[in-house]
Amino acid sequence: MNRARPSRFWRIQIAGWLAYGLISALGALPYRNAYPILLYFIGTTVAAFSASLVMLALCRRLAARRTPWPNTFALIVVCSYGLGIVCSIAGAALEARYGHIGTTSQPWRSIAFVGFANAFSPTIMLVAWSALYLGASHWREMQQRERELLLAESLARESELKALRYQITPHFLFNTLNGISTLVGEGETQSARRMIALLADFLRSTLLPTRQGDVTIAEELAQVQRYIEIEQVRLGHRLVVTMHCDREVQDTCVPHLLLQPLIENAIRHGIAPRAEGGRLSLAIIRDDDWVRISIHNSACELHERSTLSGGLGLTNTAARLAARYRDNYRFSASGDASHGWLVEIEIPHHAKADMPP
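Owing to the predicted nature of the structure, the values given are computational and were not obtained by experimental measurement.

(A) Structural detail: the pairing of strand β5 (residues 290-297). As defined by bridge partners, strand β4 (residues 278-287) adjoins β5 across eight bridges and the pair is classed as antiparallel. Counted as the bridge partner of S281 is H296 from β5. Hairpin geometry of β4 and β5 is characterised by an intervening segment of two residues between the two adjacent antiparallel strands and by a positive phi of about 60° at D288.

Here you go:
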């Protein structure tokens, strides 16, 4: 990349000044004695090409010092005019030397007069060249700064997502180990062994590295199913679960372990404390360019609602959604008229292949 830019600069530099020289030379053709005028334009163009390298050094120095734009413009105009005089004098000297028009007794006075009189054209070209160079440099700097900001933002967001994700696994592990301990204490050794096997399978898939912490909804639902199987070993028929997911949203990307803590909250604080148990429903549907996720717990006592509203699951989920989607999402959690608890999430539909790198 660094080698390509100087090469591209020189190609544009040479092509631009050749075009300027060609256009100037074409302006000499209508004259009957075009040869001296052509020599003047050739000399002026070659000198202006060299002068542009001086302006290049000046522009780089001004940019490095972060010189204010008014001062930069004034310095460029003054230097361009001085170099424009030199370029015009160089063209007039070449014309006087080889164009056979030096018939005056004081040719250098004529050369100086022509140089000052015709300095406007090369001055304008050098000012325009400097403006184009500074504009291109500023645009390239802005693009580079934007890329750096996006990279830093992406890394910060990824780190935040990872940190939030790592909060989930110990919390879930602690609750599951408590369940296994309860089963062992009650003599349910077969159920305890089954729960340990399911826990090992769950942790194996949980700790696998994921791309920027994202998985598809299909993969997330498989993870949720593993967790539900663990809870069904402990709760048996008291836990009734229904799940629905539209086929067209199964490739939508979501943060890994987005649903599991919400399901865990619903079971732990809503269904598990009740002797008769309860029903848990999970629905994921597509609504135009959005994906709507609803998690409903049919039983939630009043004293449990405060625990749900301020618990780790909801707080962590809200933080992860904000880190992942910024303001482009909706998240709500509240009790409903049936004394249940409803969590709703709306996120953009992005297939895995459409996710940014």
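Read on, since the account is not over.
(B) Up close: unusual backbone geometry. Within the chain, R66 stands out as a residue other than glycine whose phi angle is a positive 55°. Take R66: it is sitting in the loop between α2 (34-64) and α3 (69-98).

(C) Region of the structure containing the layout of surface pockets. Of the volumes computed, that of the largest pocket is approximately 1100 Å³. Along the walls of the largest pocket sit 36 residues, with Y133, L134, A136, S137 and R140 positioned nearest its centre. Elements with a minimum of two residues in the lining of the largest pocket: α1 (4-28), α2, α3 and α5 (120-185). Per-element accounting of the lining of the largest pocket gives the leading share, 16 residues, to α5. Per-class residue counts for the lining of the largest pocket are 21 nonpolar, seven polar and eight charged.

(D) Region of interest: the nonpolar core. In this structure, L259, I263, I284 and I295 are the most contacted members of the largest nonpolar core, which totals 42 residues. For this core, the element with the most residues is helix α7 (residues 217-235), which contributes seven residues. Beyond its immediate chain neighbours, meaning those up to four positions away, I284 contacts I217, L221, H244, C245, D246, V249, L259, V291, R292 and I293. With 18 residues, the next largest nonpolar core counts W17, Y20, L56 and L83 among its residues.

(E) Quick peek at the pattern of salt bridges. Here the structure, examined in full by the defined rule, presents seven salt bridges. Across the pair E344 and R330 runs a salt bridge, and its minimum N-O distance is 3.7 Å. Placement of E344 in strand β7 (residues 341-348) and of R330 in strand β6 (residues 330-335) is noted, with a sequence separation of 14 residues between them. Note on R330: relative accessible area 35%, which makes it partly exposed. For the salt bridge of R330 with E346, the shortest nitrogen-to-oxygen distance reads 3.4 Å. With R330 in strand β6 and E346 in strand β7, this residue pair connects regions lying 16 residues apart in the sequence. Three or more residues are tied together by salt bridges with common partners; here these are R292, R330, E344 and E346.

(F) How the structure looks around the side chain of H349. Inspection of the secondary structure puts H349 in the segment after β7. Here E248 takes part through its backbone oxygen, which lies 3.3 Å from a polar atom of the side chain of H349. Among the polar contacts made by the side chain of H349, one reaches the side chain of T252 at a distance of 3.2 Å. If we skip the residues at most four places from it in the chain, H349 touches E248, V249, D251, T252, R286, D289, W290 and V291.

(G) Molecular detail of the packing of aromatic side chains. In this structure the tally under the stated criterion is three aromatic pairs. Ring geometry for Y40 and F41: centres 5.5 Å apart, planes at 65°, overall edge-to-face. Looking at Y40, the relative accessible area reads 9%, which means it is buried. A relative accessible area of 24% means that F41 is categorised as partly exposed. Here the aromatic rings of W129 and Y133 are separated by 5.6 Å at their centres, their planes lie at 0°, and the arrangement is stacked. Here W129 and its partner Y133 are both found in helix α5, four residues apart, which amounts to about one turn of the helix. Take W129 and Y133: they sit in the same class, and that class is buried. Of note, R324 hangs over the ring of Y325, and the distance from its end group to the ring centre comes to 5.1 Å.

Procedures and definitions
Residues numbered from 1 in each chain as written. Predicted model: local features only at pLDDT ≥ 70, side-chain atom pairs only at ≥ 80, totals over all residues. Heavy atoms only, no water. Pairing = 2+ DSSP bridges. Helix = DSSP H or I, 4+ residues; strand = E, 2+ residues; numbered from the N terminus. 1 Å grid on protein atoms, 1.4 Å probe; cavity = no way out; pocket = protein on both sides within 12 Å on 5 of 7 lines; lining within 4 Å. Points joined across faces, edges and corners; volume = space filled by probe spheres on them. Nonpolar A, V, L, I, M, F, W, Y, C, P; charged D, E, K, R; others polar. Core = buried A, V, L, I, M, F, W, Y, C linked by side-chain atoms within 4.5 Å. Buried < 20%, exposed > 50% of the residue type's maximum accessible area, 1.4 Å probe, protein only. Contact = heavy atoms within 4.5 Å. Salt bridge = Lys/Arg side-chain N within 4 Å of Asp/Glu carboxyl O. Polar contact = N/O pair within 3.5 Å; in protein donor to acceptor, adjacent residues only side chain to side chain. Phe/Tyr/Trp six-rings, centres within 6.5 Å; stacked < 30°, edge-to-face > 60°. Lys NZ or Arg CZ within 6 Å of the ring centre and 35° of its normal.

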